[in-house]
Amino acid sequence: MTINFESDKPIYIQIAEEIENGVLSGAFAEETQVPSTTEISVSYKINPATVLKGMNILVEEKVLYKKRGVGMFVASGAAEQIRQKRKENFFDHFILDLIDEAEKLKLNKTELMQLIEQGYQSGRRS
Amino acid sequence: MNGIEIVQLTKEYKDIRALDGVNLTIQPGKIYGLLGRNGAGKSTLLHMIANRIFPTSGEIRMDGESVFENDRVQGRIYCISEMNCYDADDKVYKIWNWVQNCYPGFSMEYANQLAGKFGLNIKKKPRQLSTGYNTIFKIVTALATDADYILLDEPILGLDANHRELFYKELLANYAERPKTIIISTHIIEEIADLLEQVVIIKEGQVLLDLPIEEVRKMGYSVTGKKSEVEQYCSGRTLLGEEELGGMKTAYIQGEPGEIPAGLEAAALDLQKLFIRLTNS
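What counts and how
Residues numbered from 1 in each chain as written. Chains lettered and ligands numbered in written order. Predicted model: local features only at pLDDT ≥ 70, side-chain atom pairs only at ≥ 80, totals over all residues. Heavy atoms only, no water. Helix = DSSP H or I, 4+ residues; strand = E, 2+ residues; numbered from the N terminus. Buried < 20%, exposed > 50% of the residue type's maximum accessible area, 1.4 Å probe, protein only. Contact = heavy atoms within 4.5 Å. Areas by Shrake-Rupley, 256 points an atom, 1.4 Å probe, with all protein chains shown as cover. Lys, Arg positive; Asp, Glu negative; His and termini not counted. Charge placed at Lys NZ, Arg CZ, Asp CG, Glu CD. Domains from an automatic or database assignment. Buried area = accessible area lost by both parts, 1.4 Å probe. Salt bridge = Lys/Arg side-chain N within 4 Å of Asp/Glu carboxyl O. Polar contact = N/O pair within 3.5 Å; in protein donor to acceptor, adjacent residues only side chain to side chain. Disulfide = S-S within 2.5 Å. Pairing = 2+ DSSP bridges. Axes fitted to C-alpha atoms, helices over the stretch in contact; angles between N-to-C directions. Parallel < 35°, antiparallel > 145°, perpendicular 65-115°, else oblique. Left-handed = near helix turned anticlockwise from the far one by under 90°. Nonpolar A, V, L, I, M, F, W, Y, C, P; charged D, E, K, R; others polar. Core = buried A, V, L, I, M, F, W, Y, C linked by side-chain atoms within 4.5 Å.

## With respect to the overall build of chain B
Point 1. Check the secondary structure of chain B and you find ten helices and 14 strands.
Point 2. Out of the 281 residues in chain B, the part that is buried amounts to 49%.
Point 3. Contacts in chain B between residues at least 24 apart in sequence constitute 66% of all its contacts with a sequence separation of at least 6.
Point 4. Surface accessibility of chain B: about 13100 Å² in total, with carbon and sulfur atoms responsible for 46%.
Point 5. Computing the positive centroid from 31 side-chain charges and the negative centroid from 39, chain B places the two 4 Å apart.

Here's what the structure looks like:
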């Protein structure tokens, strides 16, 4: 997990996103326990109430669930659910922003498409 | 627990009014940041809660009882500051024995454990310790008292980056283990911002702001862009400050950003930036 303290995003949103990233990468497997509020709080030097706020977003979205007296667990199907949610955001947060920036740089549609094609071919992505 | 209620608190010295009718409630079980510029009245406030100085007028109550000259209530408060309440010519472990008499919850084992982590030599006298180790001695003592209210006036004075990080972690571990009310007063705002749940800013002896940390980011934002466009955007909005660089301008604006016109960049104001904007005279 990396928390960017300079980011414009509130810390609790970043906590939620970082746990999601852990689920997507498989670091936090489904039906396993995620680190406790205290562990995250101490490790990242963040107030536990802030950490809990981030975790509660994921509980509400049913990505995490609470086992009384034990801790928070990753729900089954959580990875797919996160992927689905992020795909919905992908258009708004990446595609539209990409086009905005391209317009600022006076890149036309054909040039932008060529750049995307080039990105795929550069070998970094497959 | 009702926390600490501060009612119409005023402290006058010969020619200055250090605190001017302060009304503030410290909610129990939270970590507070008490911020203010030099001379704003932070230490005066903490010292009055800890019964080290008396107010000119006003009252401080903890769970309904006055904190002044009240040993039972004071036994639940531990305050560290520049004003020391121990003999600096006693060895650290002897001072701890003495503290244990006043704070029966004081854990010698935990204090020794923390001393080990920080590399504090408990056979030395505070007078022999460097500024940094004097601070370490104070924070270790405060954490080990197990008091319900811990007041930390400049708890990172002279600490190197490693010791500061260790302190933040140990403070949060202590807080998780046994929730308590912690008030941290410091000028190093950026580093402690994320430790806090509630922020109080005082300016010229009065409370300027008392908000949950999450609300603080809604207090203001900055907008950067071409000077003329920024100025047009600013009209009708409350300005906290502005900076110019060539034809570019950054304006600091109170409130939450709504829709930002194309060509302008908006950014959140973190606690330190907001503090500077709010307390610049």
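## Quick look at the domain arrangement of chain A
All names here are of chain A.
Point 1. If you check the domain split of chain A, you get domain 1 (11-76) and domain 2 (79-121).
Point 2. Computed from C-alpha coordinates alone, the two centres of domain 1 and domain 2 are separated by 29 Å.
Point 3. With nine residues of domain 1 at the interface, the matching set in domain 2 holds six residues.
Point 4. For the domain 1 face of the interface with domain 2, the top three residues by lost area are Glu20, Leu24 and Glu61, together amounting to 60%.
Point 5. At the surface where domain 1 touches domain 2, the tally comes to three salt bridges.
Point 6. For Lys85, the salt bridge goes to Glu20, with nearest N and O atoms at 2.5 Å.
Point 7. Inspection of the domain 1/domain 2 interface yields seven residue pairs in polar contact (both at pLDDT 80 or more).

## Focus: the side chain of Arg277 of chain B
Point 1. Considering the arrangement of structural elements, one finds Arg277 of chain B in helix 10 (residues 271-279).
Point 2. Ignoring anything within four residues of it in the chain, the contact list for Arg277 of chain B reads Leu240, Gly241, Glu243, Tyr252 and Leu269 of chain B.

## Some remarks on the state of the cysteines
Residues and elements named next belong to chain B.
Point 1. Counted by the stated rule, this structure contains zero disulfides over all chains.
Point 2. Not engaged in a disulfide, the cysteine Cys85 finds its nearest cysteine sulfur in Cys79; these two sulfurs lie 7.6 Å apart.
Point 3. Take Cys85: its relative accessible area is 42%, and that puts it in the partly exposed class.
Point 4. Free of any disulfide, Cys102 has its nearest neighbouring cysteine sulfur in Cys85, separated by 9.8 Å.

## Some remarks on the sheet that holds strand 1 (residues 4-12) of chain B
Residues and elements named next belong to chain B.
Point 1. Read across the sheet, four strands follow the order 2-1-4-5 without closing on themselves; strand pairing throughout is antiparallel. The sheet is open, and its two edges are formed by strand 2 (17-26) and strand 5 (65-66), each paired on a single side.
Point 2. In the sheet, strand 1 pairs with strand 2 via six bridges, with the strands oriented antiparallel. Residue pairing for strand 2: Ile6 is matched across the bridge by Leu24.
Point 3. Contacts from helix 1 (residues 42-49) reach strand 1, strand 2 and strand 4 (57-62) within the one sheet, and its direction differs from that of strand 1 by about 120°.

## Some remarks on the packing of helix 3 (residues 92-102) of chain B against helix 5 (residues 131-145) of chain B
Residues and elements named next belong to chain B.
Point 1. Axis separation between helix 3 and helix 5 bottoms out at 11 Å; the angle between their running directions is 30°. It follows from the interaxial angle that helix 3 and helix 5 lie roughly parallel. When the axes of helix 3 and helix 5 are compared, the crossing they make is right-handed. Contacts between helix 3 and helix 5 involve Val92, Ile95, Trp96 and Val99 from the former and Phe137, Val140, Thr141 and Thr145 from the latter.
Point 2. Looking at the contact of helix 3 with helix 5 residue by residue, the classes come out as six nonpolar, two polar and no charged.

## Considering the environment of Lys109 of chain A
Point 1. Mapping Lys109 of chain A onto the fold places it in helix 5 (residues 109-121).
Point 2. We classify Lys109 of chain A as exposed; its relative accessible area is 65%.

## Examining the domain arrangement of chain B
Residues and elements named next belong to chain B.
Point 1. Split by domain assignment, chain B resolves into domain 1 (4-215) and domain 2 (217-279).
Point 2. Centre-to-centre, using C-alpha coordinates, domain 1 lies 35 Å away from domain 2.
Point 3. Across the boundary between the two partners, domain 1 contributes 16 residues, which contact ten residues of domain 2.
Point 4. Surface buried jointly by domain 1 and domain 2 totals about 1200 Å² across both partners, of which 69% is contributed by carbon and sulfur atoms.
Point 5. Among the residues of domain 1 in contact with domain 2, Arg37, Ile189 and Glu215 are the three that bury the most area, contributing 36% of the side total.
Point 6. The interface formed by domain 1 and domain 2 contains one salt bridge.
Point 7. Where Lys218 meets Glu215, a salt bridge forms, and the shortest distance between an N and an O atom there is 3.7 Å.
Point 8. The interface formed by domain 1 and domain 2 includes three residue pairs in polar contact (both at pLDDT 80 or more).
Point 9. Every element with two or more residues in the side of domain 1 that touches domain 2 is listed here: helix 7 (189-192), strand 9 (198-203), strand 10 (206-212) and helix 8 (213-216).
Point 10. For the side of domain 1 that touches domain 2, the per-class residue count stands at ten nonpolar, one polar and five charged.

## Brief notes about the nonpolar core
Residue and element names in this part refer to chain B.
Point 1. Counting 56 residues, the largest nonpolar core has Trp96, Leu152, Phe167, Ile184, Val199 and Leu271 as the members making the most contacts within it.
Point 2. Composition of this core by domain shows at least three residues from each of domain 1 (4-215) and domain 2 (217-279).
Point 3. Membership of the second largest hydrophobic core comes to 28 residues, among which are Ile26, Leu45, Cys79 and Leu151.

## Some thoughts on the interface of chain A and chain B
Point 1. Taken together, the contacts link 19 residues of chain A with 19 residues of chain B.
Point 2. When the two sides are added together, the surface that chain A and chain B hide from each other amounts to roughly 1400 Å², 53% of it contributed by carbon and sulfur.
Point 3. Counting across the interface, chain A meets chain B through two salt bridges.
Point 4. Of all the secondary-structure elements, those providing two or more residues to the side of chain A that touches chain B are helix 1 (11-25), helix 2 (37-44) and helix 3 (48-60) of chain A.
Point 5. Taken together, the residues of the side of chain A that touches chain B sort by class into eight nonpolar, five polar and six charged.

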